[in-house]
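The lines below spell out each chain.
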Amino acid sequence: MTEVAFHFNAPDKLGYACRLLRKAYLRGARVMVLVEERERAALDVALWTMANGEFIPHSGPMDPAHVKSRSPIHLASEVSAANGATVLVNLRLDMPAGYEGFARVIEVVTGDQEDRGHARDRWKLYKAQGIEPQRHDLQLAPQD
């Protein structure tokens, strides 16, 4: 069964996602990131420029298939089998269709009331499907 974790109170969704993806990359994970199409370009740029001399390798929907298959991180607006990912990071407001194909799902949630409301809805949907999501409050946890 898929493990689901909600990371609540992210001060900046894209900034937090970059740090999370950096950790995943350094650990050798293969990750698919679901992001709204209008935010994908900003995340793409952030992964190129997050630290001086540091680049987090990733691909996007317009990249050739051979690039997607070799990229440890794939940015998309919907789930696909682009890079054989086992981890799904959801930055969108809606429930990720096809999440069951991943070993782990990480839901990133800010303190914004709209974002939190959508997260509550997703939490209930996961629970209705027999999944007990884990809760990680980023205001209480030390940040790297």
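Use the structure listed above.
Residues numbered from 1 in each chain as written. Predicted model: local features only at pLDDT ≥ 70, side-chain atom pairs only at ≥ 80, totals over all residues. Heavy atoms only, no water.

## A closer look at the packing of aromatic side chains
Test applied: Pairing of aromatic rings covers Phe, Tyr and Trp, the last through its six-membered ring, and needs centres within 6.5 Å; plane angles under 30 degrees mean stacked, over 60 mean edge-to-face, and all others mean tilted. Counting from the N terminus, the helices are DSSP H or I runs at least four residues long and the strands are E runs at least two residues long. Categorising residues by exposure relies on relative accessible area from a 1.4 Å probe, with only protein chains included: less than 20% of the type maximum marks a residue as buried, more than 50% marks it as exposed, and the intermediate range marks it as partly exposed.
The final tally for this structure, using the stated rule, is six aromatic pairs. Aromatic pair F6 and Y126: ring centres 5.9 Å apart, planes at 80°, arrangement edge-to-face. With F6 in strand β1 (residues 3-10) and Y126 in helix α4 (residues 113-128), this pair connects stretches of sequence that are 120 residues apart. Assessed through its relative accessible area of 0%, Y126 is described here as buried.

## Considering unusual backbone geometry
In this structure, N9 is a non-glycine residue whose phi angle is positive, near 65°. Here N9 lies in strand β1. N9 sits in the buried class, given a relative accessible area of 15%.

## What to know about the sheet that holds strand β5 (residues 104-110)
Counted only if it meets this: Any two strands with at least two DSSP bridges between them are considered paired. Angles shown run from 0 to 180 degrees and are taken between the N-to-C directions of axes, each axis being a line fitted to C-alpha atoms and, for helices, limited to the stretch in contact. Whether two residues are in contact is decided by their heavy atoms, any of which lying within 4.5 Å being enough.
Reading across the sheet, the six strands line up as β3-β2-β4-β5-β1-β6 and stay open at both edges, with parallel pairing between neighbours. Strands with a single pairing partner mark the edges of an open sheet, and in this sheet they are β3 (73-76) and β6 (134-137). Recorded for the sheet is a direction-independent mean angle of 20° between the axes of neighbouring strands. Inspection of the sheet shows β1 paired to β5 by six bridges, in the parallel sense. Directly across from A10, in β5, lies its bridge partner T110. Lying over the sheet, α4 contacts β1, β4 (87-90), β5 and β6, oriented at roughly 155° with respect to β5.

## Topic: the side chain of N9
Worth spelling out the cut-off: N or O atoms closer than or at 3.5 Å make up a polar contact, with two conditions inside protein: a donor-capable atom paired with an acceptor-capable one, and, for residues adjacent in sequence, both atoms drawn from side chains.
A distance of 2.8 Å separates polar atoms of two side chains, one belonging to N9 and the other to D137. Not counting residues up to four positions away in its chain, the partners in contact with N9 are V109, T110, G111, R116, D137, L138 and Q139.

## A short note on helix α2 (residues 37-49)
Here is the rule we go by: For a helix, the expected span equals 1.5 Å multiplied by the residue count minus one. Directions are taken from the helix axis to each C-beta atom, and the arc is the one they span.
Along its 13 residues, α2 runs 19 Å from first to last C-alpha, staying within 8% of the 18 Å computed at 1.5 Å per residue. All of the buried residues in α2 are R40, L43 and L47. The buried residues of α2 all sit within an arc of 70° when viewed along its axis, so they share a single face. Counted as exposed and oriented over 90 degrees from the buried face of α2: R38, W48 and T49. Contact partners of the buried residues in α2: α1 (13-26), β2 (31-34) and β3.

## Some details on the pairing of β5
Summarising burial for β5: six of the seven residues are buried, a large majority. For β4 and β5, the ladder comprises four bridges, and the chain directions are parallel. Note that in β5 the partner of N90 across the bridge is E107.

Worth remembering: the numbers are spatial, not functional.
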